[in-house]
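Each chain, written out:
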Amino acid sequence: MIERIYILESVDPVTFYGVNNMHMQSIRTLFPKLRIVARGNVMKIIGDEEELDLFIRKIREMEEYCEEYNALTEDVIVDIVKGNPSAALKKQDHLIIHGVGGKPVVARSANQQKLVKSFEENDLVFTVGPAGSGKTFVAIALAVRALKNRQVRKIILSRPAVEAGEKLGFLPGEMKDKLDPYLQPLYDALQEMIPAARLKEYIDSNVIQIAPLAFMRGRTLNDAVIILDEAQNTTPHQIKMFLTRLGLHAKMIVTGDITQIDLPASIRSGLVESMRILSRVHGIGKVTFTKKDIVRHKLVQHIVDAYEKHDEQQHDEQQKTTKEQHT
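Reference entry: report on the structure contained in this document. Keep in mind that this is a model prediction, so the values were computed, not measured.

Quick look at the overall build of the protein
No. 1: When helices and strands are tallied, the protein shows 11 helices and 11 strands.
No. 2: Buried positions account for 47% of the 327 residues belonging to the protein.
No. 3: In the protein, the proportion of contacts linking residues at least 24 apart, taken out of those at least 6 apart, comes to 70%.
No. 4: Approximately 18700 Å² of the protein is accessible, and the part contributed by carbon and sulfur atoms is 52%.

Written out as structure tokens, the structure reads:
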């Protein structure tokens, strides 16, 4: 009898072992000749060498499956141990990654698919469009995929902390507590793609960094996917500072909705200006989402339509008033 140690390095142990260790119970049943003790991400296995070698091979396959799909089931465990091809291994069209619980994250619209392709072909991509079109969600999914595939070592997510009617100094709590509400949409997307324990580990170790735009100053960002969200609310100076943070072996996605600029009327949007200035620079992609790409509740598209009509009416009325004043 010999002893081996196997360490789960790339998956969340809770996902791998299953609720109440149900997956481990199945694994023990399939390997009755072995004694298996699992604590945290470490497994100690005792048995004869031939059986141990088989166990290590199969556990490694299960770990690879769990890393790819963010899920593991008893059926998959049985299929892997018995060498049967699993139906779950079939590739899905336009799949980006598998999220929490194995939920597929796919590029659902033509423009989402265009964003995936543009990200693969360019080191910097501007993507603009209305709320709910999936531009930020797809961008974060691409970043998570690059991290999982070890194409980069970290993900950096940022937003301008535009004060929506409240001054930061008057909000309760420490600086992190004051800033987190601005960054919460980025956390929400990550929580759909990475198991909670794994996500906490990534954030605690700075593999995933989520910070306001002001925190980017002076940094050079290498070996990373960097995403700037809500970029329509940056000033020209801020977005220039951000774009010049791009380092070696890094990719950058800048997202925004130019119909929802919250800056004072006297300040130009950095996103609008940078897209104009950089329009002819090679290696920069641009993807424009439309109302047809909206993937939230069906009412969201109707809301966007209604506000567009309202804005057009106001614009027409202002022009009419201005014309009357000049006659």
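More follows now that the structure is in view.
Let's talk about unusual backbone geometry
No. 1: Located in the positive-phi region is asparagine 70, a residue other than glycine, with phi close to 55°.
No. 2: Here asparagine 70 shows up in the loop between helix H3 (49–69) and helix H4 (74–82).
No. 3: Here the phi dihedral of asparagine 206 falls at roughly 65°; this positive angle occurs in a residue that is not glycine.
No. 4: Looking at where asparagine 206 falls in the secondary structure, it is placed in the loop between helix H8 (196–204) and strand E8 (208–212).

As for the pairing of strand E7 (residues 154–159)
No. 1: Taken across its 6 residues, E7 has 6 buried, putting it largely inside the fold.
No. 2: Of the two faces of E7, the one holding Lys154, Ile156 and Ser158 and the one holding Ile155, Leu157 and Arg159 are both buried throughout.
No. 3: The pairing of E7 with strand E9 (residues 224–228) spans 5 bridges and is parallel. Across the sheet, residue isoleucine 155 finds its bridge partner in E9, namely valine 225.

Thoughts on the packing of H3 against H4
No. 1: Two elements in contact, H3 and H4, have axes whose closest approach is 9 Å; the angle formed by their N-to-C orientations is 140°. One finds that H3 runs oblique with respect to H4. Classified by chirality, the crossing of H4 by H3 is right-handed. Taking contact as the criterion, the partners of Lys58, Glu61, Met62 and Tyr65 in H3 are, on H4, Val76, Ile77, Ile80 and Val81.
No. 2: Classifying every residue of the contact of H3 with H4 gives 6 nonpolar, no polar and 2 charged.

Overview of the sheet that holds strand E3 (residues 42–47)
Hydrogen bonding along the main chain pairs the strands of a sheet, whether they run parallel or antiparallel.
No. 1: The strand order across the open sheet built from 3 strands is E1-E3-E2, with neighbouring strands paired in antiparallel fashion. Of all strands in the sheet, those bounded by a partner on one side alone are strand E1 (2–7) and strand E2 (35–39). Neighbour-to-neighbour, the strand axes of the sheet open up by a mean angle of 15°, direction not taken into account.
No. 2: The pairing of E2 with E3 spans 5 bridges and is antiparallel.

As for the pattern of salt bridges
Pairs may arise between side chains of opposite charge once their charged atoms sit close together.
No. 1: One pass over the structure, following the stated rule, counts 11 salt bridges.
No. 2: Between aspartate 123 and lysine 251 there is a salt bridge, with its nearest N and O atoms 3.6 Å apart. Of the two residues, aspartate 123 is situated in the loop between helix H5 (110–121) and strand E6 (124–128) and lysine 251 in strand E10 (residues 251–256); the sequence distance between them amounts to 128 residues.
No. 3: A salt bridge links glutamate 273 to arginine 268; the shortest N-O distance between them is 2.6 Å.
No. 4: With a relative accessible area of 17%, glutamate 273 lands in the buried category.
No. 5: Using a relative accessible area of 53% as the deciding quantity, one classes arginine 268 as exposed.

Things to note about the packing of aromatic side chains
No. 1: Under the definition given, this model contains 3 aromatic pairs.
No. 2: Residues phenylalanine 16 and tyrosine 17 carry aromatic rings whose centres are separated by 5.9 Å and whose planes lie at 80° to one another, so their mutual orientation is edge-to-face.
No. 3: By relative accessible area, which is 0% here, phenylalanine 16 ends up buried.
No. 4: When its relative accessible area of 6% is taken as the criterion, tyrosine 17 is described as buried.
No. 5: Look at tyrosine 65 and tyrosine 69: their rings are 4.4 Å apart centre to centre, the planes differ by 25°, and that puts the pair in the stacked class. Of the two residues, tyrosine 65 and tyrosine 69 both sit in helix H3, 4 residues apart, roughly one turn of that helix.
No. 6: For tyrosine 69, a relative accessible area of 7% translates into the label buried.
No. 7: The ring of phenylalanine 119 is capped by lysine 251, whose NZ or CZ atom sits 5.1 Å from the centre of that ring.

Side note on the sheet that holds E9
No. 1: The strand order E8-E7-E9-E10-E6-E11 describes an open sheet built from 6 strands, whose pairing is parallel. Every other strand in the sheet has two partners, leaving E8 and strand E11 (284–288) as the edge strands with one partner each. Sheet twist, expressed as the mean angle between neighbouring strand axes with direction ignored, is 15°.
No. 2: Here E7 pairs with E8 via 5 bridges, running parallel. Along E8, the bridge assignment pairs isoleucine 155 with isoleucine 208.
No. 3: The strands that helix H6 (residues 135–148) touches are E6, E7, E8, E9 and E10; relative to E10, the one it contacts most, it runs at about 165°.
No. 4: Packed on one face of the sheet, helix H9 (residues 236–243) meets E6, E7, E9 and E10 and runs near 155° to E10.

Side note on H3
No. 1: Relative to the 30 Å expected for 21 residues at 1.5 Å per residue, H3 spans 30 Å between its end C-alpha atoms, a close match to the ideal helical length.
No. 2: Along H3, the positions that sit buried rather than exposed are Glu51, Leu52, Phe55, Ile56, Lys58, Ile59, Met62, Glu63, Tyr65, Cys66, Glu67 and Tyr69.
No. 3: N-capping of H3 is provided by aspartate 48, with a side-chain oxygen placed 3.3 Å from the backbone N of glutamate 50.
No. 4: At the exit of H3 stands asparagine 70, carrying a positive phi of roughly 55°.

The rules behind these values
- Residues numbered from 1 in each chain as written.
- Predicted model: local features only at pLDDT ≥ 70, side-chain atom pairs only at ≥ 80, totals over all residues.
- Heavy atoms only, no water.
- Helix = DSSP H or I, 4+ residues; strand = E, 2+ residues; numbered from the N terminus.
- Buried < 20%, exposed > 50% of the residue type's maximum accessible area, 1.4 Å probe, protein only.
- Contact = heavy atoms within 4.5 Å.
- Areas by Shrake-Rupley, 256 points an atom, 1.4 Å probe, with all protein chains shown as cover.
- Pairing = 2+ DSSP bridges.
- Axes fitted to C-alpha atoms, helices over the stretch in contact; angles between N-to-C directions.
- Parallel < 35°, antiparallel > 145°, perpendicular 65-115°, else oblique.
- Left-handed = near helix turned anticlockwise from the far one by under 90°.
- Nonpolar A, V, L, I, M, F, W, Y, C, P; charged D, E, K, R; others polar.
- Salt bridge = Lys/Arg side-chain N within 4 Å of Asp/Glu carboxyl O.
- Phe/Tyr/Trp six-rings, centres within 6.5 Å; stacked < 30°, edge-to-face > 60°.
- Lys NZ or Arg CZ within 6 Å of the ring centre and 35° of its normal.
- Expected span 1.5 Å × (residues − 1).
- Polar contact = N/O pair within 3.5 Å; in protein donor to acceptor, adjacent residues only side chain to side chain.

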